Amino acid sequence: MIRKLLILSTLPALAACASTGVVNTPALPTAAASPLSKVQGLELVMGKTAGQLKRLFGNPQADVAEPPARKLQFSSGACILDAYLYPGKSGGEGRVTHIDTRRSDGAEVDRVSCVNALRVR
């Protein structure tokens, strides 16, 4: 009798652990939703494809797949730029939704200045 009571008393706790079958996936970032899209000077990179970035900066020093994203890294003596590309909601080619910039020692660098420095090389 005590065994049955113990089993019955644990059922609500076990039911709480059961999966509903619904998986909440976070929304992927879009270039249009990025606050960086509104920064004057960054329109050269925000929303661009990998091919467009390569035409602008040349071949990347790193091309890393981080599904569902892709990271392209460009560098010069002035700075390092990491561009993160995500596919659109309906799929398709990835576009830049975010960028990070820094010096080789890790110190912060103005994003627009870095983009311009990389274009000049």
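For the structure itself, look to the data block above.
Notes on the structure in this doc start here. (Residues numbered from 1 in each chain as written. Predicted model: local features only at pLDDT ≥ 70, side-chain atom pairs only at ≥ 80, totals over all residues. Heavy atoms only, no water.)

**Observations concerning the overall build of the chain**
From N to C terminus, the chain includes three helices and four strands. When the helices and strands of the chain are read in sequence order from the N terminus, they spell out α-α-β-β-β-β-α. Within the span of the chain, comprising 121 residues, buried residues form 28% of the whole. Relative to all contacts within the chain whose residues are 6 or more apart in sequence, the contacts with residues 24 or more apart total 44%. Within the structure as shown, the chain displays about 8,100 Å² of accessible surface, and the carbon and sulfur contribution to it stands at 57%. (Helix = DSSP H or I, 4+ residues; strand = E, 2+ residues; numbered from the N terminus. Buried < 20%, exposed > 50% of the residue type's maximum accessible area, 1.4 Å probe, protein only. Contact = heavy atoms within 4.5 Å. Areas by Shrake-Rupley, 256 points an atom, 1.4 Å probe, with all protein chains shown as cover.)

**Let's talk about the state of the cysteines**
Per the counting criterion, the structure on display carries one disulfide. Disulfide partner of cysteine 79: cysteine 114, at an S-S distance of 2.0 Å. Judged by the torsion about the S-S bond (95 degrees), the cysteine 79/cysteine 114 disulfide is right-handed. Taken as a pair, cysteine 79 in the loop between β2 (69–75) and β3 (80–88) and cysteine 114 in helix α3 (residues 111–120) lie far apart in primary sequence, 35 residues in all. In terms of burial, cysteine 79 and cysteine 114 fall into one category: buried. (Disulfide = S-S within 2.5 Å.)

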